Amino acid sequence: MVKITYVDSFGEARTIEAEEGTTVMENAIRNAIPEIVAECGGGCACATCHVYVDEPFYDLTGKPSDKEEDMLDFAYQVQPNSRLSCQIKVRPELEGMIVRTPDRQG
Amino acid sequence: MSETITTDVVIIGAGPIGLFAVFELGLLDIKCHLVDILSKPGGQCAELYPEKPIYDIPGYPVVTGQGLVDNLLQQIEPFHPTFHFGEMVEGLEVLGTPEAPSFRLRTSGGEIFESKVVIVAAGGGSFQPKKPPIDGIEAYEQKSVFYAVRKMDDFRDRNIVIVGGGDSALDWTLNLQPIAKRLTLVHRRDDFRAAPHSVKAMRDLVAWGKMDLQLGQITALAGQDGELSNATLKGADGLVDLACERLIPFFGLTMKLGPIADWGLNLHENLIPVDTEKFETNVPGIFAIGDINTYPGKLKLILSGFHEGALAAQKAHRYVYPDKKLTFQYTTSSSSLQKKLGVH
């Protein structure tokens, strides 16, 4: 199990244990983490699971695919460390990762 | 004022479930008109995942979204359904009684239908342009912010800002640049999804100083009484102020429940509750099949929607032909069904 912390737009932090191979979005939905909407259910088709990934974890999440980049065009206030959380697979290397949610999704 | 179209059934939504419902109704001699906001049949399958393989359609180990739609169109061809594309049903009036229902429907395109039965196969809702996440954008819609270009002349001699990186954004950039006062294309990054020749043509225009390309996202709008004057762009180097009288964001499509919410149908979290015998709503004569409905145990699967359409057709027959007896027949053995299918 990998510990992931979600910090909402009010600064509140919630830490959960995530199973390897699941996505950061799935774990948010399963644990009732607020501010991640995931309208399309993880299909990389809506940009409402948008998160900012704290360093040094952003590089460890891997490079977004072309499809994710296309969808990020539609996200709110995209920053260099933006990712769609449905595209981030949980791996042991991400132990202790902190992701922050924007104050709105799409 | 267009003439009223009188038919047996109006199907709202021409996705896979609406399409297959035509088949089940056709076997029972019931005629259908279908209304869909898209310019083509197939719903989510055709619009969102035409090339994607689907693995859970009974009888097809694998079939693409568009492949399934093409097969369904072939399957319902013998029944000659009439399609009304680019339209959304806005008004629904109950004319008849619960025992002998009848409805008048009015579409966004001004068409009027009268039918005995309505089948709502609206899936996730009608496809609408996705709005960019900019506070206060609603105040400028239809005056200065447009999600589609209907009349090019409305944009003549204006400061135009187009947002997007796909074919729609690049095509309209190339179409409007010659008539604009000044045109700026805004995209989050310097990488475009659009066809390479369109991107090249755009880059040439930028190089010749005939239009601007700005990388970043629009974060704020300024204007008065719905008339836009400026847009704020957040780029890599900070904020840039753009002169902007017309904003055209191409942000893709999203699905919205729309006018269905106003017809007096029971709704549960934007889904229409139905019974599992006939998939009828709380209004006799109005059925809901596919992703738009809900009932205990509901699964949002295409195969479920197919089943729901078959059962709804049985009850629809009682409304359309109240004096006829419905005899259950198989397409394998019934010569009358086979005649209707043109395979006898």
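These figures come from a predicted structure and were not determined experimentally.

Analysis parameters
Residues numbered from 1 in each chain as written. Chains lettered and ligands numbered in written order. Predicted model: local features only at pLDDT ≥ 70, side-chain atom pairs only at ≥ 80, totals over all residues. Helix = DSSP H or I, 4+ residues; strand = E, 2+ residues; numbered from the N terminus. Buried ≥ 20, exposed ≤ 12 C-beta atoms within 10 Å, placed from the backbone. Contact = placed C-beta atoms within 7 Å. Expected span 1.5 Å × (residues − 1). Pairing = 2+ DSSP bridges. Axes fitted to C-alpha atoms, helices over the stretch in contact; angles between N-to-C directions. Nonpolar A, V, L, I, M, F, W, Y, C, P; charged D, E, K, R; others polar. Core = buried A, V, L, I, M, F, W, Y, C linked by C-beta atoms within 7 Å. pLDDT = per-residue confidence, 0-100.

A. How the structure looks around the overall build of chain B. Within chain B, the regular secondary structure consists of seven helices and 20 strands. Along the first, second and third principal axes, the C-alpha atoms of chain B reach 75 × 45 × 40 Å. Relative to its full complement of 344 residues, chain B shows a buried share of 38%. Sequence-distant contacts, at least 24 apart, represent 61% of the contacts inside chain B between residues at least 6 apart.

B. Geometry of helix α1 (residues 16–27) of chain B. Residue and element names in this part refer to chain B. End to end, α1 covers 17 Å across 12 residues, agreeing with the expected 16 Å (1.5 Å per residue, within 8%). Of all 12 residues in α1, 12 are buried; the element is thus mostly enclosed. What α1 keeps buried is the set Pro16, Ile17, Gly18, Leu19, Phe20, Ala21, Val22, Phe23, Glu24, Leu25, Gly26 and Leu27. Count one or two residues on from α1 and you reach Asp29, which has phi positive near 65°.

C. Region of the structure containing the sheet that holds strand β13 (residues 217–224) of chain B. Residues and elements named next belong to chain B. A sheet is described by the order of its strands in space; here three strands give the open sequence β13-β14-β15, paired in antiparallel fashion. Of all strands in the sheet, those bounded by a partner on one side alone are β13 and β15 (238–243). Neighbour-to-neighbour, the strand axes of this sheet turn through a mean angle of 25°, independent of strand direction. Here β13 runs beside strand β14 (residues 227–235); their pairing, made up of seven bridges, is antiparallel. Along β14, the bridge assignment pairs Ala220 with Thr232.

D. Structural view of the interface of chain B and chain A. The interface of chain B with chain A comprises 11 residues on the first partner and 11 residues on the second. Classifying every residue of the side of chain B that touches chain A by side-chain character gives three nonpolar, four polar and four charged.

E. Here's a closer look at the nonpolar core. Of all hydrophobic cores here, the largest spans 56 residues; its most connected members are Val24(A), Ile160(B), Val161(B), Ile162(B) and Ala169(B). If near-sequence neighbours (up to four positions away) are discounted, Ile160(B) is found in contact with Phe155(B), Leu176(B), Ala180(B), Leu183(B), Arg246(B) and Ile248(B). Counting residues in hydrophobic clusters, the runner-up holds 55 residues, among them Ile17(B), Leu34(B), Val35(B) and Phe103(B).

F. Spatial organisation of the confidence of the model for chain B. When pLDDT is averaged along chain B, the result is 95, and 99% of the positions lie at 70 or above. Across the interface, the model reports ipTM at 0.80; the global pTM reads 0.79.

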